[in-house]
Every structure is written in structure tokens, then in C-alpha cells.
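Residue-level structural notes
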Amino acid sequence: AANEAQMRARVMQLWQTRLLRFSKLTVSDEIENALSYYESTFLREIPKLYAELEDLLGSQPVHTFLRMGQWIGGDRDGNPNVSAQTLEYALRRQSEVALRHYLTEVHYLGGELSISALLNSCTPDMLALAERSPDTNEHRKDEPYRRALTGVYARLAATLQDLTGTTAARHAVAPQNAYRLAEEFIADLRVIEASLKAYHGGALTAQRLHPLIRAVEVFGFHLATVDLRQSSDKHEEVVAELLATARVESSYQSLDEAAKRLLLLRLLNDARPLRVHGAAYSAHANAELAIFTMAREMRARFGHEAIRHYIISHTETVSDLLEVLLLQKEVGLMQGILFDPQADAAPRGGSTALGRPGVGRDDRGHVDLIVVPLFETIEDLRNAAPIMREFYALPGVAELVKRSGCEQDIMLGYSDSNKDGGIFTSNWELYRAEIALVELFDDLAKNHKIKLRMFHGRGGTVGRGGGPSYQAILAQPPGTVRGQIRLTEQGEVIGSKYANPEIGRRNLETLVAATLEATLLQPTKPATPAFLEAAATLSQASMGAYRTLVYETPGFTDYFFSATPIREIAELNIGSRPASRKATHKIEDLRAIPWGFSWGQCRLTLPGWYGFGSAVETFLNQPTPAARKEALALLQKMYRQWPFFSTLLSNMDMVLAKSDLALASRYSELVTDARLRKRVFTAIEAEWHRTADALVQITGEKQRLASNAALARSIRHRFPYIDPLHHLQVELVRRYRAGLADERVRRGIHISINGIAAGLRNTG
């Protein structure tokens, strides 16, 4: 008995070690975690993807189009732990991972390319590369490839020292003559490649040299582009402080939008900085400006691809965009002035006195970082196209973007729009915003050659824009995927998608295949006016039902915080970012990840379906049976012919299949107010049945996941193992909240959360 007890204790200890972290993650921990996927998967599997694609195209060369990015270390939106130091650390560590991979591959190449000059010739460029090598070893005198690669290794080792401050593991000769740019390294590798091909050694390039060249083309010396992100109100605070200290404007934040624009345009057309030498600024202003300064330094050190995008969360006005341009100008990320008042038209209702007279065209500026608005809420999505239209109508803006690379990224937020308006309205408003933005940028492309790239801020859960990536890309509105798209892969699913190299490559191939298909075959046709009108009607009713429950039901917030393990989730050490943007219990301030995570844990998965049943019921509530039949036939036709609608319903079907009202009712018992519990849970239960019935009527499938047998089988096998965890979790949460438990109960709750999430996967 004693041995059995010890064994159980040991098993519990191992589970806890495996499933739980006992201290909060830091930003550097998150950076290291992300880098592990590059080491295990991306650095080797992405070159394989290109090689397979070229092979399928008959050995035709394929341009390097698939690139990586991340914002760990640069995303400050709601995360006070991100600073200029974390940005510098992120890029330094990224560079180290890339360079150490290259060093390893060059080392192995040197061992493999032992070709003697006595047996085979090489090109003059190859001989010159070997002669420039510091390798004077007599044993390699007749081995030009090895001598050349020893020199390449020495240059790479010196590059590693210069960029990261670390040293290479091996040294045949001392590090020297560091590469300034990744292109110089590629040029040396191309010399070796050309020589091998010229003298019957082409077969030797496929195994290691070609993948290495492709890796350098994709990852450079920076590994991945680091996006910067901050909330618009934080930028406004810094600009207001700069203006007040410089005695330009004492109350910037109280100005109306028109006055802000006029002032910001004038400042963007003034070469002088705003900062006053010797003046004391707040810690917030100094920290924000330090990020911009560090970005300039990192671009100079690691190349312009290291940081290319500045994302503005909660973009609500044109001035939000101009403020970030002004902050770039303040630290030298924007050079020159915005426009020449003698050549450019003044803003409507404004004056030509925005700039200084006599500005030469050589002074016209360019900006280093693409200013990327993030439209998140339903209202923001509706205003996306009008805001961008007004932004590009300002004098000099279109020409500035054209001079700076002709690229405009626009990020669309799936998570907050869902939390704001529910699943159907979120997807519909995203669809409408994309169509409107494409129409706007078609004109900008024609007149200024500016290309639009959509950046989809998708999460892992369906309520955050998750679901099968292939179908999601093909369901995009016509014209929105024109050879380019940006997608986020969030932390809650990245492990399951990319920890295994082979699975990781298959997931990347899915993204590439969908992008190629959407671009070249253009399978998505414009929706008919009847489809669009029906979707608008459904959206209005769906959002009404959703907001009635979430934002207008008295006590709903109390229900949510009691009937889900949100409070216990917030205690998990699964990230460096706080669960809420502000220290409140408002749904509006809660981050979308814990919001969706909590509903998954209690098996309601509410963000993935709520409101659709009421919307369909309202849509089918016609005055005559014939009219009702016609309305249902229209929805069925939309499901058959419109990828947007069919993909959305497929995702709802999956989410409902993973929900369980019986288990959810157990969680509702954690709500101490019986009347509140009954009122809210009864409303949720009724809407669940309405949504399930609606799917049956439209799709004709009476069973969940009838068209996805593999997933249905997987769920059938997995869920019996996690159902007991739900019952255990409810009881442990009850004890914990009553104060009748110790640390072991708290750990038990956290283990159950992890176990349930692992079983639910993309809804947990």
C-alpha cells in the first residue's frame, strides 16, 4: 500500500511537471519557445517545400515568396513587459538561431565537397573564392571547395560575433571579414553552385547546398520579420506630451479629428524634431520612443527586413495613422517631409501653409516602417475603408507610400470583432470590409501602383477566426488574395501544427496551395445581390441576439466569471500578457483568448455559434408558408454555392459537435445566484437548440460532422477521456472558490484545464 501511494504521488508529480509551469513566463521565455519551432521545423522544412514545388514544376526556379514573421518581443499592446530591450533580445536571438544553422550546414558541406582539383576542374570565380580563403592548410591545398567553405565559415563566424556577440562552436581558422549583408553570403554560395553545375557536380547541390541557399533567401540574417504593435491611445499620449513640452499644442487630446489632422500634417512637413533637448519626459513617453529608436538601430544591424511593419491596435481615426508617422519621423525612421506644398494640393478645407516654402523635390520623404491599421471591433471594420480612403486623400500620403515601397498592409481582427458582435456578424463585417478595401486599392494600384496585402489576425479557436486554413483562404472574397496574404498562427495551436517537422511542412503546404489556388484559379465568384442581402439580414439579427445576451442581460458578467474557470485560467503561467487589458471585470476589456478559452472549458463554446439560430429563425419568420419555403431555399443555395457561407456553417457545425449542454449545466451550478443561473443558462440552451436546428434545415445533415467522418471519429475517441476531467474540475473549482482547499487543489484545477484544452484542440 505504501509503495502504491508513493507511485501515485510520483505519477502526479510527473503530470504536474509535464503539464504545469510554476512560474510566470517572461517575454524572453516566449521568444525562446517560438525559436524552437524554427530549429525543429521551419529552417529545414521550408526549403524542402520549395524544392518539392520546383520539382513539380519541372525544375523551374520558384521565387522566394513564403516568409516568416512574428511579434513576440515587439507587441506592446496590453503587455507592459515588452520594451526596447525585449525587441533587441528577440532580434539578436533570432539572428543567432539563423546563423548557427548556416554555420552547421556550411561545416557539413565542407565535409561533403572534398573534390580534388587534380580530378575535376572548377570555375575561375570558384578558384578566386578559394584563393581569398584564409585556409592555408597544406592538406586542403588541392581542395578548392573545402578551402572556399572554410573561408565562408570564417566570415559567418565573424558575422555571428558582430551581430549577436556569441561565438561559433568550431574554428578551422579564426573568424574574420564578416558579411555585411545576407546577399553577400548567398553570392558566395552561388559561386560554389555554379562551379559544381559547370563541372558535372550538379547532383551534389540538391541535398544540402540548395536548401541552404533557399534558407538564406527566406530567413536572411534576421530569421523572421518582427512586427511592432501598440494601441492607438498610447501613441496619442506620447504625441500629446511631445507637443505640450515643445509648446506647440497644450491640449492635443482635446482637439477634434479635423484639427488633429491639420496639425499632424504640418508637423510631418516640418524637418525639425519635436523633442526638446534636456526636457524631462514621462516614463511612458521615453519607453515608447525607445522602441522606435531601437527599431531604427535593429534595421541598421540586421537589415531592413528585420522590422517592416508597425501595427496600430484599435485604429479608429486617420489621426491614429498620422501619429505613428510622426513618431517615426521623430527618431529618423521617416526621412524628409511629407509633401511639397507648391506641387501638392492642400487638404480639403485646409491651407497651403502646411509646409515651408521652397521645398525641393529631393526633400520629399520616405518612411521605413509600413503603418498597418488594425481594425478590430464591428464599428472599426465598418469604418475601415472610409478611414483608409480619407488617409490616402491627404496630400502627400499616396506618394509617400509609393516612394517607400508601394505596399500597404491592413490587419483585420477576428477575435475582438467576434467578442463584440458574435460569430456571424464578425465574419460578415470582415467580408464586407475586405470587399470595400479591395475596391479602394484597385484605384490606388491604378494611379500609384500601391498594392494591398490583407493581414488576417486569426486565432486557433473558431471564435477567433480559426478552423481549417485551406477552406478559410479559399472562402476569402474575390480579389483579396492576389498572390499575397498574411496570416497569424496563434500560440494555442502552433505546437500541434508545427512541433513535428513533417506535420509542419504539410501545414505550410496547405497555406501555399490555398494561396496559389485562390490567386491563379480564382475559384471564388462574387456573391449574388440576393446572397449579400440575406447575409446582411442574418447579421443584423445575429448581432442583436448576441449583444442582448452578452452586453444587455443584467448579471451576465457575473454569470460568466462564475460559470467558467476564467479566474483560474488567469492564474495559469501560459504567457507574459495579462488576461485583461485593464483591471476590470468588463467583457469589453477582457482579452479574446481567455474569453474563448473559458467557454471551451465549460463546453458551451459560445463564441463559435451564438446568435446564428436566432438569425435564421428571424429570417424564416415569413408571413406565408410559400415565403418561408423560398427563404429556406435561398439559405440552402447560399450553403451550396457560396464558400464564405458554407465555410462558416462548417465551422459552426464543428464547434457545436464539441459542445455539451449536460456538462455545461454542471458548470452553471457554480453560479450562486439561482435566478441568474436559470435565466442565463436557459437563454444559452435555447439558442443552442435554435442553432442546431438551423444547421439541420440548411445543410440537410441531421448529425453533427456528417461530412467530416475523420473528425467525428477523432472526437468520439477523445472525449470519453476528458469528460471525467470536467466533473473533477467543477468540484475542485467549487472547493477552491469556497476557500476549502489547499495548493494541491489549485494545481489539480490547472492540470484539468490543460487536459481539457488538449482534448478539445481548436475550440479549447
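See the structure above.
Quantities reported herein were computed from a predicted structural model and do not represent experimental measurements. (Residues numbered from 1 in each chain as written. Predicted model: local features only at pLDDT ≥ 70, side-chain atom pairs only at ≥ 80, totals over all residues. Heavy atoms only, no water.)

**Overview of the overall build of the protein chain**
Tallying secondary structure elements over the protein chain gives 29 helices and 10 strands in all. Principal axes of the C-alpha set define a box for the protein chain whose edges measure 85 × 85 × 55 Å. Here the protein chain holds 764 residues, and 54% of them are scored as buried. Pairs at least 24 apart in sequence give 79% of the contacts found in the protein chain among residues at least 6 apart. Here the protein chain has roughly 33,500 Å² of accessible surface; of this, 52% comes from carbon and sulfur atoms. (Helix = DSSP H or I, 4+ residues; strand = E, 2+ residues; numbered from the N terminus. Buried < 20%, exposed > 50% of the residue type's maximum accessible area, 1.4 Å probe, protein only. Contact = heavy atoms within 4.5 Å. Areas by Shrake-Rupley, 256 points an atom, 1.4 Å probe, with all protein chains shown as cover.)

**Regarding the packing of aromatic side chains**
This structure, assessed with the given rule, holds 28 aromatic pairs. Seen in terms of ring centroids, Y431 and W642 are 5.5 Å apart; in terms of plane orientation they differ by 85°. Their pairing is edge-to-face. Taken together, the residues span a long stretch of sequence, with Y431 in helix α15 (residues 423-448) and W642 in the loop between α24 (625-641) and α25 (643-657) at a distance of 211 residues. W642 matches Y431 in its accessibility class, with the two residues each being buried. The interplanar angle of 45° and the centroid separation of 4.9 Å between the aromatic rings of F560 and W595 together place this pair among those described as tilted. In this pair, F560 is assigned in helix α20 (residues 556-563) and W595 in helix α22 (residues 592-601), connecting sequence segments 35 residues apart. Of the aromatic side chains, those joined through ring pairs into one cluster are F424, W428, Y431, F531, F612, W642, F644 and F645. (Phe/Tyr/Trp six-rings, centres within 6.5 Å; stacked < 30°, edge-to-face > 60°.)

**A short note on the pattern of salt bridges**
Using the criterion set out here, one finds 56 salt bridges in the structure. Residue D227 is joined to R486 by a salt bridge in which the shortest nitrogen-to-oxygen separation is 2.9 Å. With D227 in the loop between β2 (225-226) and β3 (228-231) and R486 in strand β10 (residues 486-487), this residue pair connects regions lying 259 residues apart in the sequence. Exposure remark for D227: the relative accessible area of 2% places this residue in the buried category. In this structure, the salt-bridge partner of D270 is R272, at a minimum N-O distance of 2.6 Å. (Salt bridge = Lys/Arg side-chain N within 4 Å of Asp/Glu carboxyl O.)

**Some details on a negative patch on the surface**
Taken together, D233, E237, E316 and E379 make up a surface patch of like negative charges. Here D233 shows up in helix α8 (residues 232-245). What makes D233 partly exposed here is its relative accessible area of 35%. (Patch = residues over 30% accessible without salt bridge, like charges linked within 9 Å, V, L, I, M, F, W, Y side chains within 5 Å. Lys, Arg positive; Asp, Glu negative; His and termini not counted. Charge placed at Lys NZ, Arg CZ, Asp CG, Glu CD.)

**A look at unusual backbone geometry**
You will see that L223, though not glycine, has its phi angle at about 75°, which is positive. With respect to the secondary-structure elements, L223 resides in the loop between α7 (209-219) and β2. Positive phi outside glycine occurs at R247, with the angle close to 60°. As for its placement among the helices and strands, R247 is situated in the loop between α8 and α9 (257-268). Taking the relative accessible area as the measure of exposure, R247 reaches 79% and is therefore exposed.

**Focus: the pairing of strand β9 (residues 451-457)**
Here β9 lies mainly inside the structure; six of its seven residues are buried. With seven bridges connecting them, strand β8 (residues 407-413) and β9 associate as parallel partners. Residue pairing across strands places L412 opposite H456, the latter belonging to β9. With two bridges connecting them, β9 and β10 associate as parallel partners. Residue pairing for β10: H456 is matched across the bridge by L487. (Pairing = 2+ DSSP bridges.)

**Comments concerning the environment of R746**
As for its position among the elements, R746 is in helix α29 (residues 743-760). Distance in space between the C-alpha atoms of R746 and E571 is 9.5 Å, their sequence separation being 175 residues. Not counting residues up to four positions away in its chain, the partners in contact with R746 are E571 and Y736.

**Quick word on the sheet that holds β10**
As summarised here, the arrangement of the six strands in space is β3-β4-β7-β8-β9-β10, forming an open sheet in which the pairing is parallel. Looking at strand neighbours, the two that pair on one side only are β3 and β10, the edges of this open sheet.

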